[in-house]
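# Fold and geometry: a report
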Amino acid sequence: REAVHNSLYWSGVPILAVGAGASGYEEREEKPRRHGSTEVSRRKGRKDAGADAGAETEAEAEAVAGAVKRHRYANVKSPEVYMQRALLGERPEAFREAIDDATRLREAIMTGLRLLDGIDLAEFERRYGLDLASRFATPIERLRARGLIALEDGALRVTDRGLFVMNSVLLEFF
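Residues numbered from 1 in each chain as written. Predicted model: local features only at pLDDT ≥ 70, side-chain atom pairs only at ≥ 80, totals over all residues. Heavy atoms only, no water.

Okay, the overall build of the protein next. Check the secondary structure of the protein and you find nine helices and nine strands. Taken across its 174 residues, the protein has 33% of its residues classed as buried. Accessible surface for the protein amounts to roughly 11200 Å². Of this, 51% is attributable to carbon and sulfur atoms. (Helix = DSSP H or I, 4+ residues; strand = E, 2+ residues; numbered from the N terminus. Buried < 20%, exposed > 50% of the residue type's maximum accessible area, 1.4 Å probe, protein only. Areas by Shrake-Rupley, 256 points an atom, 1.4 Å probe, with all protein chains shown as cover.)

Here's what the structure looks like:
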């Protein structure tokens, strides 16, 4: 039987950390800042106005608009400190770290293969923009030949035999 307490975390969806010691994950799309017809470019830190600058700043704005900021964080463990910060309107976080695209991808593979159903390859490609079976064809074939993973019904999953050597299976992808 599969444990469900970490299934949301392992699926990579945003999770709100509520309570002392709780962990969370957030994704926020960055939107360009606008002031009237003036575009403010976050990347270059400059303010351009007028029609001549419009095309360049619109392209910059679209690039910035598509950016997604991802963070993992955990709240302080002490209930007293948690409540004190919450009552003061402060974030009760013990730490916060940015998650870049490469880390997000590695973690998606690692956590996805820990699920009994494995990784739905079509969903993975839709979400991460990567054809996992093609990109990792060589290690997948090597692991299949050893009976450690299975590629069936559009999913890549670790076999019962592979569960006992999960870390070795995961290392093939990194």
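And the narrative resumes.
Here we come to the sheet that holds strand E8 (residues 149-152). Within a sheet, adjacent strands bond to each other through the backbone by hydrogen bonds, running parallel or antiparallel. Strand order in the open sheet made by the three strands is E7-E9-E8, with antiparallel pairing throughout. Looking at the sheet topology across the chains shown, the edges are occupied by strand E7 (119-120) and E8. Note: E7 against strand E9 (residues 155-158), two bridges, orientation antiparallel. Note that in E9 the partner of Asp120 across the bridge is Ala155. (Pairing = 2+ DSSP bridges.)

With that settled, the discussion passes to the confidence of the model for the protein. The predicted model of the protein has a mean per-residue pLDDT of 80, with 74% of residues at 70 or higher. Of the regions scoring below 50 in pLDDT, residues 37-65 engages in 39 contacts with residues more than four places distant in sequence or in other chains. (pLDDT = per-residue confidence, 0-100. Contact = heavy atoms within 4.5 Å.)

Quick look at the environment of Leu121 now. Within the fold, Leu121 resides in helix H5 (residues 121-128). Looking at Leu121, the relative accessible area reads 16%, which means it is buried. Residues Leu121 and Ala155, 34 residues apart in the sequence, show an inter-C-alpha distance of 5.4 Å. Beyond its immediate chain neighbours, meaning those up to four positions away, Leu121 contacts Leu132, Ala133, Leu151, Gly154, Ala155 and Leu156.

As a further point, take unusual backbone geometry. In this structure, Asp153 takes a positive phi of about 55° despite not being glycine. Mapped onto the fold, Asp153 is located in the loop between E8 and E9.

This brings us to the side chain of Arg70. One can find Arg70 in strand E5 (residues 68-75). Among the polar contacts made by the side chain of Arg70, one reaches the side chain of Asp101 at a distance of 3.1 Å. Once you skip the residues sitting within four places of it in the chain, Arg70 turns out to touch Tyr25, Glu26, Glu27, Glu97, Ala98, Ile99, Asp101 and Arg104. (Polar contact = N/O pair within 3.5 Å; in protein donor to acceptor, adjacent residues only side chain to side chain.)

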